[in-house]
There are 2 protein chains.
Amino acid sequence: MDQRLETIKKSIRDIEDFPKPGIVFKDITTLLNDAQAYKALMEHLYDRYKGYELDFIAGIDARGFIFGAALANMLGVGFVPVRKKGKLPSTTISQKYSLEYGYDEVEIHLDAFRRKKNAQVLLIDDLIATGGTAKAAVDLINKTEALCVECCFIINLEALGGTDKLEAPVYSVLKV
Amino acid sequence: MDQRLETIKKSIRDIEDFPKPGIVFKDITTLLNDAQAYKALMEHLYDRYKGYELDFIAGIDARGFIFGAALANMLGVGFVPVRKKGKLPSTTISQKYSLEYGYDEVEIHLDAFRRKKNAQVLLIDDLIATGGTAKAAVDLINKTEALCVECCFIINLEALGGTDKLEAPVYSVLKV
């Protein structure tokens, strides 16, 4: 593992029993408030995506906004928030997905990608676990005239197999 | 108004009657998905803050994450999310604030600013209306060993007087 990835990995904090007993939560706030680690991560992402012909980066509410917006700014492309239901003010399309009990729903504006045909979209979130939210977000993007060309996660909880659900290539910075 | 501010202003969409009748919502998703306008805004913010001796940028959940994280990355400083209650996994301090009916609450990690004494913090959100959330966030930052040296809003709904509540200097990109 290169030095940059080592710096990133070390800066992530494990919190036991959050949000409920038995879960070890990957806390990325200690990565973000460490200027050196945050910079290392953003440079790593920039190096990966600078050669892609992206039109937009979409980030999942709310931690995906952090990495997605910063990368969009570095690459000079637009940023699109994939939001929880009820947060977007104009006409939306939405996608439900199952939770352990019940379901949740994400939305994008119908004109999120400015109605650009085959717009190339990179989807970003901080972490993929079972992949329900990410799958819903990919499906939403592909329901518009745009195309999700890759999904990028800072952390992939590989044992949960979430990436198998996604109809798009996947890149994970760290696999744990 | 300079050309950059004109580009930023034009890219923001008014949505009538959201989230409820009589409210005109300032939709910044049309700024974000316009690569030129988003770039103009981030360069404007960078120009304002490049001379400040900031240690951290704090962004308010969730739209404040977008601008705050991108600017922290440009300036090479750490980013701290101010979150809605229950989202942060480690030990937090929280601050309640009044809504029209009832109250809401924001939180930061107790060690959000790495326990750096007098850390210089810039607080960012997309919009200030009555200022309840921003005041709670400023008070939270100042309850740690850090200091909120300025609050920055992309849009200030000036008639609502929200900035009068804040015990920190304020900069607004656009006043409407």
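Residues numbered from 1 in each chain as written. Chains lettered and ligands numbered in written order. Predicted model: local features only at pLDDT ≥ 70, side-chain atom pairs only at ≥ 80, totals over all residues. Heavy atoms only, no water.

1. A word on the overall build of chain A
In terms of regular secondary structure, chain A is built from 5 helices and 9 strands. Helices and strands appear in chain A in the N-to-C order α-β-β-α-α-β-α-β-β-β-β-α-β-β. At 16 Å, chain A has a C-alpha radius of gyration in line with the 16 Å of a compact globule built from 176 residues. Considering only C-alpha atoms, chain A reaches an extent of 40 × 40 × 30 Å along its principal axes. Expressed as a percentage of the 176 residues in chain A, the buried residues total 55%. Considering only contacts in chain A between residues 6 or more positions apart, those separated by 24 or more positions represent 57%. (Helix = DSSP H or I, 4+ residues; strand = E, 2+ residues; numbered from the N terminus. Rg over C-alpha atoms; globule rule 2.2 N^0.38 Å. Buried < 20%, exposed > 50% of the residue type's maximum accessible area, 1.4 Å probe, protein only. Contact = heavy atoms within 4.5 Å.)

2. Thoughts on the interface of chain A and chain B
Many descriptions give the size of an interface as the accessible area lost when the pieces come together. Contacts between the two partners involve 41 residues from chain A, matched on the other side by 41 residues from chain B. Summing the contributions of chain A and of chain B, the shared interface buries around 3100 Å²; its carbon and sulfur component is 56%. Its largest share of buried area at the contact with chain B, chain A owes to N33, N73 and P89 of chain A, together 20% of the area lost on that side. Where chain A touches chain B, the interface holds 2 salt bridges. Between R13 of chain A and D111 of chain B there is a salt bridge, with the nearest N and O atoms lying 2.9 Å from each other. Sorting elements by how many residues they give to the side of chain A that touches chain B places helix α4 (residues 63-75) of chain A first, with 8 residues. For the side of chain A that touches chain B, the residue count by class is 22 nonpolar, 9 polar and 10 charged. (Buried area = accessible area lost by both parts, 1.4 Å probe. Salt bridge = Lys/Arg side-chain N within 4 Å of Asp/Glu carboxyl O. Nonpolar A, V, L, I, M, F, W, Y, C, P; charged D, E, K, R; others polar.)

3. Considerations on the environment of R48 of chain B
Residues and elements named next belong to chain B. Its location among the elements puts R48 in helix α3 (residues 35-49). The contact partners of R48, leaving out residues within four places of it in the chain, are E150 and Y171. Only 3.1 Å separates the side chain of R48 from the side chain of Y52, close enough to count as a polar contact. (Polar contact = N/O pair within 3.5 Å; in protein donor to acceptor, adjacent residues only side chain to side chain.)

4. Quick notes on the pattern of salt bridges
Counted by the stated rule, this structure contains 28 salt bridges over all chains. The partner of K39 of chain A in a salt bridge is E43 of chain A, and the shortest N-O contact between them spans 3.6 Å. Residue K39 of chain A and its partner E43 of chain A are both found in helix α3 (residues 35-49); the two are separated by 4 residues, about one turn of the helix. For D55 of chain B, the salt bridge identified is with K116 of chain B, shortest N-O distance 3.8 Å. Taken together, the residues span a long stretch of sequence, with D55 of chain B in the loop between α3 and β3 (56-60) and K116 of chain B in the loop between β6 (103-109) and β7 (120-128) at a distance of 61 residues. Look at D55 of chain B and you get partly exposed, because its relative accessible area is 24%. A cluster of three or more residues bridged by salt bridges with shared partners is formed by R4, D47 and K50 of chain A.

5. Here's the deal with the relation of the copies chain A and chain B
In screw terms, the move from chain A to chain B is a rotation of 180° and a rise of 0.0 Å along the axis, fitting with an RMSD of 0.0 Å. Both copies are brought into coincidence by an operation consistent with a two-fold rotation axis. Every residue of chain A has its C-alpha some distance from the rotation axis, and the shortest such distance is that of A70 of chain A, at 2.0 Å. When the interface residues of chain A are mapped onto chain B, 100% of them again fall at the interface, so both copies present the same face. (Least-squares fit on C-alpha atoms with pLDDT ≥ 70 in both.)

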